[in-house]
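Spelled out from the first residue to the last, the chains are:
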Amino acid sequence: MPDRPELSPAPPSFQNTPCGHLVHDDRGIILETNNRLHGWLAMSASELDGTPVIGLLSKASRVVYETSFVPMLALNGKVDGASLDLIAKDGSKVPVLLSAETTGSGKECRTTIAFLLADARRAFERDLAKARAEAEAQLLLTQREGKLREQFVAILGHDLLNPVASISSSVGMLARESLSETGQEIVELTQGSVKRMSLLIHNILDFARNRLGGGIELNMSDEAVLETEVRQVVNELRAANTDREIQLDISLQGKVRCDGPRVGQLLSNLLGNALTYGDPEHPIFVSLNTTDEGAFELGVRNAGAPIPPSAMERLFDPFMRSTNHGDQMGLGLGLYIASEIAKAHGGKLEVSSNDDWTTFTLVVPPGGIDGQTDSGQGETAIGGA
Amino acid sequence: MLFAHGFGCDQTMWRHVVPSFESSHKVVAFDYIGAGGSNPNAYDPDKYSTLGGYAEDVVRIGKELDIRDGIFVGHSVSAMIGALATIQEPEMFSTLIMVSPSPRYIDDEDYIGGFSSDDIEELLASLDDNPLAWSAALAPAIVANADRPEHGQELTESFCKLDPKIASGFARATFTSDSRADLPKITARTLVLQCKEDIIAPEHVGEYVRDQIPNSKLVMLDATGHCPNLTAPDQVIAAIRDFV
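Here is a short report on the structure shown in this document. (Residues numbered from 1 in each chain as written. Chains lettered and ligands numbered in written order. Predicted model: local features only at pLDDT ≥ 70, side-chain atom pairs only at ≥ 80, totals over all residues.)

Our next topic: the overall build of chain A. Looking only at helices and strands, chain A features nine helices and 12 strands. When each of the 385 residues of chain A is scored for burial, the buried share is 29%. Here the analysis covers contacts within chain A between residues at least 6 apart in sequence; of these, 61% occur between residues at least 24 apart. (Helix = DSSP H or I, 4+ residues; strand = E, 2+ residues; numbered from the N terminus. Buried ≥ 20, exposed ≤ 12 C-beta atoms within 10 Å, placed from the backbone. Contact = placed C-beta atoms within 7 Å.)

Put into structure tokens, the structure is as follows:
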């Protein structure tokens, strides 16, 4: 074992430590400086010792030193990591980080300061601040552009509604004419397509309105309207998908308050999905019922491959589309809008999916829609869009 | 007796002075916006772009506490904020104690404030430019308290607590101010306390302040630097006692 070096009883020398070093007295007069500091400032010990420490600082740093550094040192006995500028003999600035500590009191008060060069760090901080300012400006620009795009979508969607409505009524009139069997089929297919087109446009409009800060507007109606809407949606989709079986079971007890056409839109979206993704060999089950607690539920169940767990998480996000299916049906707004309609009602859209069944259920608890009015004034703002 | 801190620190500035007056006076110390325990959300860049906004807050505190014939003790820039407050409400503060005051920091023809406008621009730019250094260096209490919010209210744990952004605005309001024209309007009895070797408020500036305020007296302290309330509290206490 090597001999332990003897501890020197003399105070340690800071002459050659790899940082700037300085000691000053109670009046700020420099008593001691080291080689590193001499090198940075291009000044010798004899030029520095005996002068006021504040003379080493740039004018801006003197103000900071006097107004913050000195008070903190007086109150706390130390300062850690202050960022100031020294002035070299030729007038150039030497950016430093400094830590200081005070010992003793009265005339015996001594302050020791250690300096580290900080030009690289200062440059890094400036770059950080600049990068942040640029990122913020870019974000603002992108947000503004995004808003413009959404306004464009809203206007486009709105303008598309009129021609679609006119096609719909024309086809409706055509259906009442006497047509050949082929003509009849074509009219039914066209009606289905127009319905789907109209639903897509409404979804886009709702999405754009949400993004622009509006909410989903509810016009409250009763259980009779709800039942009519649900039957109508199911019948329309049956007519457009004659090769598929859709079973409907309605069991409503007591009063139900909701926006019937909105729930119809929700059902259209769910049923559209079930038709696209469900196993065509099996029927789709739609059930509308009230529970003992007074909630009402609207469920759509289909057989087929389950929704993969990875897709579950973001199922209700806008523009989410199935990646394992040749889906050419829509934009991926259906489930998003459906869940927003559920939220606007104070309810939620639940999903369960296993090897046998995939089920989406709208659950609106009793009183979930309190505060809504019949006039349609009760607009529910939707966050997180 | 209302104690107001200057730029760069908070009311802890007065901790060595305030206790000496607690038995003889009703004593209140406060933090300006952005300092100490103040609520930074109340910051309004327009209102606080000049010292008038800060003086408005002093007057509000005075009204809230129903101060009449009070003593305003202001350090550094607060001496001028107090001057504006007492000009506005002469009955609220009949005595004004100015510790290391300066009505204008930038030289102007015959008037020597001690700084060129370039110096001040450099100072303000360095504060704006380098907020990370500013916050790390001068507001370590804020950084430390971010992890331990329960200490935020504890005075002994926080020294010179500053919100970097607001401090930067306060620096601009302070160092670009010119209150020279206000000094002759002061009717309160005024005591000016002056240190030696104060680069922020030099001796001749203290004399200028005394000369411009009608009913005023200057006391030279045996202390150096800008913060005698911290470095020579006994002298500050004695001088204030003598005067009031």
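Here the narrative resumes, following the displayed structure.
Time to look at the overall build of chain B. When helices and strands are counted, chain B shows nine helices and six strands. Per-residue burial for chain B yields a buried fraction of 50% across its 244 residues. A sequence separation of at least 24 residues applies to 69% of the contacts in chain B between residues at least 6 apart.

So, about the interface of chain A and chain B. Taken together, the contact pairs 25 residues of chain A with 30 residues of chain B. Secondary-structure elements contributing two or more residues to the side of chain A that touches chain B are α3 (59-76), β3 (78-87) and α4 (119-176) of chain A. When residues of the side of chain A that touches chain B are assigned to their parent elements, the largest contribution, 14 residues, is made by α3 of chain A. Each residue belonging to the side of chain A that touches chain B can be placed in one class, and the counts come to 11 nonpolar, six polar and eight charged. (Nonpolar A, V, L, I, M, F, W, Y, C, P; charged D, E, K, R; others polar.)

Residue and element names in this part refer to chain A. Judged by pairing direction, the sheet is antiparallel, and its five strands sit side by side in the order β2-β1-β5-β4-β3 without closing on themselves. Only two strands of the sheet have a single neighbouring strand rather than two, namely β2 (30-33) and β3. Mean inter-strand twist for the sheet, computed between neighbouring axes without regard to direction, equals 25 degrees. Direction of pairing for strand β1 (residues 20-24) relative to β2: antiparallel, over a ladder of three bridges. Each bridged residue has a counterpart across the sheet, and for Leu22 the counterpart in β2 is Thr33. The sheet contacts of α3 involve β3, β4 (93-103) and β5 (110-117), and relative to β3 the element is tilted by about 160 degrees. (Pairing = 2+ DSSP bridges. Axes fitted to C-alpha atoms, helices over the stretch in contact; angles between N-to-C directions.)

All names here are of chain B. The sheet built from six strands is open, its strands ordered β2-β1-β3-β4-β5-β6 with parallel pairing. The open sheet has two edge strands with one neighbour each: β2 (28-30) and β6 (216-224). In this sheet, neighbouring strand axes are inclined to one another by 20 degrees on average, regardless of whether the strands run parallel or antiparallel. Sheet topology places strand β1 (residues 2-4) next to β2; three bridges connect them, and they run parallel. Counted as the bridge partner of Ala4 is Phe30 from β2. Its contacts with the sheet place helix α7 (residues 203-212) against β4 (93-99), β5 (189-196) and β6, and it is angled at close to 170 degrees to β5. Against the sheet, helix α9 (residues 233-243) makes contact with β3 (70-75), β4, β5 and β6, and its axis sits at roughly 165 degrees relative to β6, the strand it touches most.

Turning our attention to unusual backbone geometry. Peptide bonds are, in most cases, trans, and in most cases residues other than glycine have a negative phi. Phi at Ala42 of chain A is positive, roughly 55 degrees, even though this residue is not glycine. Looking at the element boundaries, Ala42 of chain A is found in the loop between α1 (35-41) and α2 (45-48). The backbone of Asp69 of chain B shows a phi angle near 55 degrees, a positive value even though the residue is not glycine. Structurally, Asp69 of chain B is set in the loop between α1 (51-64) and β3.

Right, let's talk about the nonpolar core for a bit. Core analysis: the biggest nonpolar cluster contains 97 residues, and Phe72, Val73, Ile81, Ile97 and Met98 of chain B have the highest contact counts within it. In terms of residue count, the dominant contributor to this core is α3 of chain A (10 residues). Excluding residues that lie within four positions of it along the chain, Ile81 of chain B makes contacts with Ala4, Leu51, Tyr54, Ala55, Val58 and Gly74 of chain B. In this structure, Ala208, Val233, Leu270 and Ile337 of chain A belong to the second largest nonpolar core, which totals 38 residues. (Core = buried A, V, L, I, M, F, W, Y, C linked by C-beta atoms within 7 Å.)

Attention shifts here to α7 of chain B. Note: α-helices contain 3.6 residues per turn, so residues at a spacing of three or four share the same orientation. Residue and element names in this part refer to chain B. Residues Val205, Gly206, Tyr208 and Val209 constitute the buried set of α7. Angularly, the buried residues of α7 cover 155 degrees about the axis, an arc narrow enough to put them on a single face. Residues of α7 that are buried sit in contact with β4, β5 and β6. (Arc of directions from axis to C-beta.)

Bringing the packing of helix α7 (residues 260-277) of chain A against helix α9 (residues 334-344) of chain A into the picture now. Residues and elements named next belong to chain A. Viewed as axis vectors pointing N to C, α7 and α9 meet at an angle of 145 degrees, and their least axial separation amounts to 9 Å. Crossing of α7 against α9: the hand is left-handed. Touching Arg262, Gln265, Leu266, Asn269, Leu270, Gly272 and Asn273 of α7 are Gly334, Leu335, Ile337, Ala338, Ile341 and Ala342, all from α9. For the contact of α7 with α9, the class distribution of residues is seven nonpolar, five polar and one charged. (Left-handed = near helix turned anticlockwise from the far one by under 90°.)

A few words now on the environment of Ile29 of chain A. Residue and element names in this part refer to chain A. Among the structural elements, Ile29 can be located in the loop between β1 and β2. In the structure, Ile29 is positioned 22 residues away from Thr51 in sequence and 5.4 Å away in space, judged by C-alpha atoms. If we ignore the near neighbours within four places in the chain, the residues touching Ile29 are His24, Gly50 and Pro52.

Right, let's talk about the packing of helix α5 (residues 181-211) of chain A against helix α6 (residues 223-240) of chain A for a bit. Residues and elements named next belong to chain A. Contact geometry for α5 and α6: axes closest at 8 Å, N-to-C directions at 130 degrees. One element, α5, and the other, α6, form an angle in the oblique class. The handedness of the crossing between α5 and α6 comes out as left-handed. Residue-level inspection shows Glu188, Gln191, Gly192 and Lys195 of α5 in contact with α6, the latter providing Glu236, Ala239 and Ala240. In terms of residue class, the contact of α5 with α6 is built from two nonpolar, two polar and three charged. (Parallel < 35°, antiparallel > 145°, perpendicular 65-115°, else oblique.)

Turning our eyes to something else, we now look at the pairing of β3 of chain B. Residues and elements named next belong to chain B. Of all six residues that make up β3, six are buried, and the element is covered over most of its length. Residues Gly70, Phe72 and Gly74 line one face of β3 and the alternating positions Ile71, Val73 and His75 line the opposite face, and both faces are buried. For β1 and β3, the ladder comprises three bridges, and the chain directions are parallel. For Ala4, the partnering residue across the bridge sits in β3 and is Gly74. Note that β3 and β4 share six bridges and pair parallel. For Gly70, the partnering residue across the bridge sits in β4 and is Phe93. Traced from β3 through helix α2 (residues 77-88) to β4, the parallel crossover comes out right-handed. (Right-handed = clockwise from strand over helix to strand, strands pointing away.)

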